[in-house]
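If you want the building blocks of each chain, they are given just below.
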Amino acid sequence: MAFSLMKLPYADTALDPVISARTISFHHGMHHKTYVDNLNKLVENDPMSSMSLVDIVKAVAGKADKVGHFNNAGQVFNHDFYWNSLKPNGGGQPGGALKSQIDSDLGGYDKFKADLHAAALGQFGSGWAWLVWKTKEKKLAIEKTANADTPIARGDAPILTIDVWEHAYYLDHQNRRAAYATAVIEKLLNWDFAAEQFAKAK
Ligand code: MN
């Protein structure tokens, strides 16, 4: 198979109680796995099977006959990125160059936090909230995307993401997306991963 389900970088209990092992068993073991399985079927016997997820998403973005490729490759990328955006005992504030960039582009950590939360809450229906490096403008931004859409489709570089599809939080928080987003931001965001993405993007 061309693509495989990423192994989680922590135990399935590590993000509890914000994200329980039960949520991870469905979210990683079923939802995420299904996107991987679907993508593998779509690229079977196709030159795309040797392309990266980023290159597939860019190649098929906006093509009406390749919506399945876009949705499944986008969702595999987005979920890989989401699991890496989290860690047990995460949260807190970023440091170093990323902190300085958040201060100058986003008005400081407190405003960043409020704006990321607002993006997570403001995404109507399924989707994602992002801290992203805008490659053309050369600055950080907060964005939200619907369904499988992803900043990589536009050539931007994600720094952190929060999955706001209901499957990400419903078992643990029911309809309270705001409580889930607050807890993820305050307790789980992986600023080490974010700093690595920022260093690569800039
Ligand atoms: Mn998801």
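Just above sits the structure.
On a predicted model such as this, the values are computed, not experimentally measured, just so you know. (Residues numbered from 1 in each chain as written. Predicted model: local features only at pLDDT ≥ 70, side-chain atom pairs only at ≥ 80, totals over all residues. Heavy atoms only, no water.)

Colleague: Could you give an account of the overall build of the protein chain, naming the residues involved and the relevant values?
Modeller: What the protein chain contains, in helices and strands, is eight helices and three strands. Counting helices and strands in the order they occur from the N terminus, the protein chain gives α-α-α-α-α-β-β-β-α-α-α. Scaling as 2.2 N^0.38, a compact globule of 202 residues should have a C-alpha radius of gyration of about 17 Å, and the protein chain matches this with 16 Å. With 202 residues in all, the protein chain has 50% of them scored as buried. Contacts in the protein chain between residues far apart in sequence, at least 24 positions, make up 70% of those at least 6 positions apart. Working note: accessible area of the protein chain is about 9,300 Å², and carbon and sulfur atoms make up 53% of it. (Helix = DSSP H or I, 4+ residues; strand = E, 2+ residues; numbered from the N terminus. Rg over C-alpha atoms; globule rule 2.2 N^0.38 Å. Buried < 20%, exposed > 50% of the residue type's maximum accessible area, 1.4 Å probe, protein only. Contact = heavy atoms within 4.5 Å. Areas by Shrake-Rupley, 256 points an atom, 1.4 Å probe, with all protein chains shown as cover.)

Colleague: Go over the sheet that holds strand E2 (residues 139-146), please, and point to the residues and values.
Modeller: Strand-to-strand pairing in sheets goes through backbone hydrogen bonds, with the strands running parallel or antiparallel. Spatially, three strands are ordered E2-E1-E3 in an open sheet, and the strand pairing comes out antiparallel. The open sheet has two free edges, formed respectively by E2 and strand E3 (157-163), since each of these has just one partner strand. Between one strand axis and the next, the sheet turns through 20° on average, direction left out of account. The sheet contact formed by strand E1 (residues 127-134) and E2 spans eight bridges and is antiparallel. When the bridges of E2 are listed, Lys 134 appears paired with Lys 139. (Pairing = 2+ DSSP bridges. Axes fitted to C-alpha atoms, helices over the stretch in contact; angles between N-to-C directions.)

Colleague: Can you explain the side chain of Asp 80? Please cite residues and give values.
Modeller: With respect to the element layout, Asp 80 can be found in helix H3 (residues 67-85). No salt bridge is formed by the buried Asp 80, whose closest oppositely charged neighbour, Lys 200, lies at an N-O distance of 12 Å. The residues contacting Asp 80, other than those within four sequence positions of it, are Met 6, His 32 and Leu 53. (Lys, Arg positive; Asp, Glu negative; His and termini not counted. Salt bridge = Lys/Arg side-chain N within 4 Å of Asp/Glu carboxyl O.)

Colleague: Tell me about unusual backbone geometry, residues and numbers included.
Modeller: Backbone torsion omega between Asp 16 and Pro 17 reads 5°, so that peptide bond is classified as cis. A positive phi angle, close to 55°, is found at Asn 45, a residue other than glycine. For Asn 45, the location among the structural elements is in the loop between helix H1 (21-42) and helix H2 (53-60). Here Gln 174, not a glycine, exhibits a phi torsion of approximately 50°, which is positive. For Gln 174, the position within the fold is in the loop between helix H6 (170-173) and helix H7 (177-188). Its relative accessible area of 32% is what places Gln 174 among the partly exposed residues.

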